[in-house]
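Take a look at the letters that make up each chain.
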Amino acid sequence: MKEIKKILKTSHAQQRSVDLVGVDFSTTATKVVRLKKSKDGISLMGIDLLPTVDFSIAAQRVELPRNLAAHYACLAYSGPSAIVRMVNAPLSGDETTIPDNRLRELLNAKDDYRVSARLIKKGKGRQDSSFLAAAIPADDVDFLLNMFPAGPPAPASLEVAGLAFIPAFLHARADEAARDAVCLIEAGESGSHFAFLNKGVVVLVGRFDSGGARMRGKVAEDLGVDDELAGTIMADRSINISAAVLDVMTPFLKQLSISKDFIERHQSCRVSKIYVSGGVSLFSHWTEIVEQYLHTEVIRWNPFENIQCDLELLTDELAQQTPRFAAAVGAAIGGIGEL
C-alpha cells in the first residue's frame with residue numbers, strides 16, 4: 001500500500017514517538033485527535049473540537065487539554081494560499097527529488113513559499129517522473145510554528161490539509177485503496193480538495209475554492225433568510241435546496257467529471273467509488289448531487305475505521321462529526337507511518 005507521508009515536513013523531534021497528536025487548523029474549528037500506536041494497532045487517546053485560530057492577529061501559544069497533550073504534534077493547515085498539485089519532471093540516475101527553485105517554478109509559487117514534493121512514480125528512459133507537491137507561504141509556516149514555542153507538544157511536521165486526509169483514507173480503507181481506482185473529496189467550509197487514487201497510488205489532486213460558506217450564502221439569498229438559518233436548513237431535509245446547492249457546485253462538479261474521464265482513459269481503469277469527508281459531506285443534499293452528477297456511488301467514510309476507539313471518548317455528538325476529523329487523523333497517521 002502506497003502512503004502519502006509528510007508533505008512540507010518541518011521536523012523538530014529528535015526521536016519519533018508512538019504517541020502523537022494531530023491538529024487540523026480549519027476555518028470552522030481546530031480539530032484535534034491523539035493517537036497511540038502499539039503492537040495491537042492504533043488507538044484513539046483523545047479527541048476534541050476547539051475554537052478556530054485567527055491568522056490575522058499575532059500567533060498565540062496553543063493550549064491543548066491535558067488528555068491531548070502528547071510530546072509531538074503533526075499539524076495540518078488549509079489556508080487559501082496553500083498549493084497542492086501533481087507535477088512532472090525529469091530525473092537522472094538515482095535522483096529522487098526536485099531542487100526547490102525548480103519546484104517553485106512547476107508550482108508557480110513565489111520565492112517566499114516553502115515547498116516540498118514526494119516522488120510518486122519514477123519515469124523510465126526519457127519519461128518524466130511524477131511527484132505529489134505542495135507549497136505554503138513561509139509567513140503561514142512561521143505563524144503555525146510560533147503557536148508551539150516550547151513543547152509539549154512540539155511540532156513534528158506540517159502539511160497541507162488538502163493532502164493530510166489521504167493517509168487517513170489509506171489506513172481506514174486499505175483493501176479498497178489497494179484494489180480499486182477511487183476519488184476522494186474533502187469538502188470544507190472555504191474550499192474542497194479532491195484526489196484520485198489508482199490501486200493506492202495518487203494520480204491526480206486538485207482544489208476548488210467553493211465550500212460550505214458559499215453554499216450557505218446561496219441558500220440564504222434564495223430563501224431570504226440569514227446565514228444561521230440557512231445553515232440549519234442545509235442540515236434539514238424538509239426543504240428542497242438542491243437547486244441552490246447545484247448552482248454553487250456545478251463548476252466543481254464539471255472539473256471533477258473532466259478529471260474522472262481523464263483518469264479513466266489514461267490509467268485504463270474505472271473510478272468505482274467516490275469517498276467523501278469534511279463538514280460539507282454531512283449534508284445529504286450535497287452527497288446526493290455528487291452521486292447523481294458523476295454517476296458514481298458516493299460513500300461517506302469514517303476516518304476512525306481501523307482505529308480502536310473508547311466510546312467514552314468518541315461520544316454520540318462527536319461520532320456524528322467524524323468526517324470532519326479526516327485531516328487531523330491523517331496528519332497523526334502520517335507521523336506514525338514515519339516511525
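In this text the structure is predicted, and so the values were computed from the model without any measurement.

Scoring rules and cut-offs
- Residues numbered from 1 in each chain as written.
- Predicted model: local features only at pLDDT ≥ 70, side-chain atom pairs only at ≥ 80, totals over all residues.
- Heavy atoms only, no water.
- Helix = DSSP H or I, 4+ residues; strand = E, 2+ residues; numbered from the N terminus.
- Rg over C-alpha atoms; globule rule 2.2 N^0.38 Å.
- Areas by Shrake-Rupley, 256 points an atom, 1.4 Å probe, with all protein chains shown as cover.
- Axes fitted to C-alpha atoms, helices over the stretch in contact; angles between N-to-C directions.
- Parallel < 35°, antiparallel > 145°, perpendicular 65-115°, else oblique.
- Contact = heavy atoms within 4.5 Å.
- Core = buried A, V, L, I, M, F, W, Y, C linked by side-chain atoms within 4.5 Å.
- Buried < 20%, exposed > 50% of the residue type's maximum accessible area, 1.4 Å probe, protein only.
- Pairing = 2+ DSSP bridges.
- Expected span 1.5 Å × (residues − 1).
- Polar contact = N/O pair within 3.5 Å; in protein donor to acceptor, adjacent residues only side chain to side chain.

### Structural notes on the overall build of the protein
1) Next: Each helix and strand counted, the protein has 10 helices and 13 strands in total.
2) Next: Scaling as 2.2 N^0.38, a compact globule of 339 residues should have a C-alpha radius of gyration of about 20 Å, and the protein matches this with 20 Å.
3) Next: Each of the three principal axes of the protein carries a C-alpha extent, and together these read 60 × 50 × 40 Å.
4) Next: Counting every atom, the protein has about 15800 Å² of accessible surface; 46% of that belongs to carbon and sulfur.

### Let's talk about the packing of helix α3 (residues 161–172) against helix α10 (residues 326–337)
1) Next: Close contact between α3 and α10 brings their axes to 7 Å; oriented N to C, the two are set at 75°. Between α3 and α10, the angle is such that the two are roughly perpendicular. For the pair α3 and α10, contact is made by Ala161, Ala164, Phe165, Pro167, Ala168 and His171 and by Ala326, Ala327, Val329, Gly330, Ala331, Ile333 and Gly334, respectively.

### Describing the side chain of serine 130
1) Next: Assignment of secondary structure puts serine 130 in strand β7 (residues 129–137).
2) Next: Among residues more than four places away in sequence, those in contact with serine 130 are Met86, Val87, Asn88, Arg118, Leu119, Ile120 and Lys121.

### Notes on the nonpolar core
The tendency in soluble globular proteins is for nonpolar side chains to be buried side by side.
1) Next: Val33, Leu35, Ile166, Phe304 and Val329 are the most contacted members of the largest nonpolar core, which has 69 residues in total.
2) Next: Per-element accounting of this core gives the leading share, 9 residues, to α3.
3) Next: Ile233, Val248, Val271 and Val280 belong to the second largest nonpolar core, which has 34 residues in total.

### Quick notes on the pairing of strand β1 (residues 19–25)
1) Next: Most of β1 is tucked away: 7 of the 7 residues are buried.
2) Next: A two-sided burial pattern is seen for β1, the buried positions comprising Asp19, Val21, Val23 and Phe25 on one face and Leu20, Gly22 and Asp24 on the other.
3) Next: Looking at chain direction, β1 and strand β2 (residues 30–38) are connected through 7 bridges and run antiparallel. Note on β2: the bridge partner recorded for valine 23 is valine 32.
4) Next: Note that β1 and strand β4 (residues 72–77) share 6 bridges and pair parallel. Paired with valine 23 across the bridge in β4 is leucine 75.

### Observations concerning the sheet that holds strand β5 (residues 83–89)
1) Next: Read across the open sheet, the 3 strands follow the order β5-β7-β6; overall the sheet is antiparallel. At either end of the open sheet lies a strand with only one pairing partner, and these are β5 and β6 (113–121). Shown here is a sheet whose adjacent strand axes are inclined to one another by a mean of 25°, direction ignored.
2) Next: Note: β6 against β7, 8 bridges, orientation antiparallel. Following the sheet pairing, arginine 118 is matched in β7 by leucine 132.
3) Next: Helix α2 (residues 138–146) contacts β6 and β7 of the sheet and is inclined by roughly 70° relative to β7.

### Quick look at the environment of glycine 41
1) Next: Here glycine 41 is to be found in strand β3 (residues 41–50).
2) Next: With 91 residues separating them along the chain, glycine 41 and leucine 132 place their C-alpha atoms 28 Å apart.
3) Next: When neighbours within four sequence positions are excluded, glycine 41 is seen to be in contact with Lys36 and Gln308.

### Details of α10
1) Next: Between its terminal C-alpha atoms α10 stretches 16 Å, which fits the 16 Å expected from 12 residues at 1.5 Å a residue.
2) Next: The element α10 is extensively covered by neighbouring structure, given that 11 of its 12 residues are classed as buried.
3) Next: Within α10 the residues assigned to the buried category are Ala326, Ala327, Ala328, Val329, Gly330, Ala331, Ala332, Ile333, Gly334, Gly335 and Ile336.

### Details of the side chain of serine 78
1) Next: Relative to the helices and strands, serine 78 resides in the loop between β4 and β5.
2) Next: Reaching out from serine 78, the side chain makes a polar contact with the backbone oxygen of phenylalanine 25 at a distance of 3.5 Å.
3) Next: Apart from the residues lying within four places of it in its own chain, the contact partners of serine 78 are Phe25, Ser26 and Ala161.

### Some thoughts on unusual backbone geometry
1) Next: With a phi close to 55°, lysine 199 is a non-glycine residue in the positive phi region.
2) Next: Its place among the elements puts lysine 199 in the loop between β10 (192–198) and β11 (201–208).
3) Next: In this structure, asparagine 306 is a non-glycine residue whose phi angle is positive, near 65°.
4) Next: Along the chain, asparagine 306 falls in the loop between β13 (297–300) and α9 (316–319).

So, to be careful, I would describe these as geometric facts and stop short of saying anything about function.
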